[in-house]
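An overview of the molecular structure
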Amino acid sequence: MIFLDKDWEIDDTPQYFPNIIEEVYDWCSWKDVEQCINNPQFYELEFIKNGEKLNLPVSPRIWSQPHIHKEDCYKLFQDECGMIINNFQFISKKKCELLAGIERQFTVDAAMHVYCGIGGHGSFNIHEDYAHNFIIQVEGETEWTVYNNRASYLVPKYEGTIDEKKLDVAIDVTMKAGDVLYIPARTYHRAKPKGQRLSVSIPMASIMYDTQLIGEDRRWYEIT
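As the structure is a prediction and not an experimental result, all values here were calculated from the model. (Residues numbered from 1 in each chain as written. Predicted model: local features only at pLDDT ≥ 70, side-chain atom pairs only at ≥ 80, totals over all residues. Heavy atoms only, no water.)

**Some details on the overall build of the chain**
- Summing up its helical and strand segments, the chain has three helices and 14 strands in all.
- For the chain, buried positions account for 43% of its 224 residues.
- In the chain, the proportion of contacts linking residues at least 24 apart, taken out of those at least 6 apart, comes to 81%.
- Summed over all atoms, the accessible surface of the chain reaches about 12900 Å², with 50% contributed by carbon and sulfur. (Helix = DSSP H or I, 4+ residues; strand = E, 2+ residues; numbered from the N terminus. Buried < 20%, exposed > 50% of the residue type's maximum accessible area, 1.4 Å probe, protein only. Contact = heavy atoms within 4.5 Å. Areas by Shrake-Rupley, 256 points an atom, 1.4 Å probe, with all protein chains shown as cover.)

**With respect to the packing of aromatic side chains**
- Following the criterion strictly, the structure yields seven aromatic pairs and no others.
- Ring geometry for tryptophan 8 versus phenylalanine 106: centroids 5.2 Å apart, planes at 80°, classification edge-to-face. Residue tryptophan 8 is found in the segment before strand E1 (15-17), and its partner phenylalanine 106 is found in the loop between helix H3 (93-105) and strand E5 (108-110); the two are separated by 98 residues along the sequence.
- With relative accessibility at 15%, the residue phenylalanine 106 sits in the buried group.
- Centre to centre, the rings of tyrosine 130 and tyrosine 153 are 6.4 Å apart; their planes meet at 20°, and the pair counts as stacked. In this pair, tyrosine 130 is assigned in the loop between strand E6 (113-117) and strand E7 (132-139) and tyrosine 153 in the loop between strand E8 (142-150) and strand E9 (169-175), connecting sequence segments 23 residues apart. (Phe/Tyr/Trp six-rings, centres within 6.5 Å; stacked < 30°, edge-to-face > 60°.)

**Things to note about the environment of leucine 76**
- For leucine 76, the location among the structural elements is in helix H2 (residues 70-78).
- By relative accessible area, which is 16% here, leucine 76 ends up buried.
- Between the C-alpha atom of leucine 76 and that of glycine 117, which follows or precedes it by 41 residues, the distance is 9.8 Å.
- Apart from residues no more than four positions distant in its own chain, leucine 76 is found in contact with Phe47, Leu54, Leu56 and Cys81.

**Some remarks on the pattern of salt bridges**
- Counted under the stated rule, the structure contains 11 salt bridges.
- The closest approach of N and O atoms between aspartate 12 and arginine 150, which form a salt bridge, is 3.2 Å. Here arginine 150 lies in strand E8 and aspartate 12 lies in the segment before E1, a separation of 138 residues in the sequence.
- The partner of arginine 190 in a salt bridge is glutamate 164, with the nearest N and O atoms 3.0 Å apart. (Salt bridge = Lys/Arg side-chain N within 4 Å of Asp/Glu carboxyl O.)

**Describing the sheet that holds E9**
- A sheet is described by the order of its strands in space; here three strands give the open sequence E9-E8-E11, paired in antiparallel fashion. Two strands bound the open sheet, and with one partner strand each, they are E9 and strand E11 (187-193). Ignoring strand direction, the axes of neighbouring strands in this sheet form an average angle of 10°.
- Here E8 runs beside E9; their pairing, made up of six bridges, is antiparallel. If you follow valine 146 over to E9, its bridge partner there is isoleucine 171. (Pairing = 2+ DSSP bridges. Axes fitted to C-alpha atoms, helices over the stretch in contact; angles between N-to-C directions.)

**Focus: the layout of surface pockets**
- What the largest pocket holds in volume is close to 840 Å³.
- The set of elements that each furnish at least two residues to the lining of the largest pocket consists of strand E3 (52-53), E6, E7, E11 and strand E12 (197-206).
- Ranked by the residues each element gives to the lining of the largest pocket, the list is headed by E12, at four residues.
- When its residues are assigned to classes, the lining of the largest pocket shows 14 nonpolar, 12 polar and eight charged.
- Considered as a void within the structure, the second largest pocket measures approximately 460 Å³ in volume.
- Around the second largest pocket, the lining is made up of 17 residues, and of these Asp12, Val108, His132, Tyr182 and Ser206 lie nearest the centre.
- Every element with two or more residues in the lining of the second largest pocket is listed here: E7 and E12. (1 Å grid on protein atoms, 1.4 Å probe; cavity = no way out; pocket = protein on both sides within 12 Å on 5 of 7 lines; lining within 4 Å. Points joined across faces, edges and corners; volume = space filled by probe spheres on them. Nonpolar A, V, L, I, M, F, W, Y, C, P; charged D, E, K, R; others polar.)

**Some points on the pairing of E11**
- Counting buried positions over the seven residues of E11 gives six, a clear majority of the element.
- Relative to E11, E8 runs antiparallel, the two being bridged by six bridges. If you follow threonine 145 over to E11, its bridge partner there is arginine 190.

Purely spatial values, then, with no claim about function.
What follows is the structure, given as structure tokens:
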């Protein structure tokens, strides 16, 4: 992701990078999505409808963790619910290598999730996340609004409905294939897919604070 032209040492504001990825299907394809739906035991599949995550029953399995049955996954997907595929990087060695490149470039632990759907129910209401995030649009168009406002780490995540009147818009764009969006940690945002959508989310957690800061000394010390 070295193509992201940003002075990260002094700038952690949200940013939109239009049309900078050429081989978008290297990140995800509908064939990948089909493989995940057919093998829900390997992925934590979640579904969204009308801005909220659905609380779905899971079935016990002998050889894997309890998970949603694939027939239910297909039905929810065809009912135009949005689907989230967590742990998506494990679908192939190439995806793991792409993710490892981001972890090397930035001081982070990262994951790869997919957001996809064929209708308009595919994303959340205004919210914030603990992780920093890169969003890669693979297919379709999605209206994104990212706000200047960030929640403090002094407070937990707010699970209620955010009053948009309190927020100041930083980015308001329609993402298309090849576009990338950077959303800093705890920054409020919202996505509105315009129909069929395929995108990759790369949440990142900093590992800079794995060592302790001792007293007033601002140097980092390894704990031995």
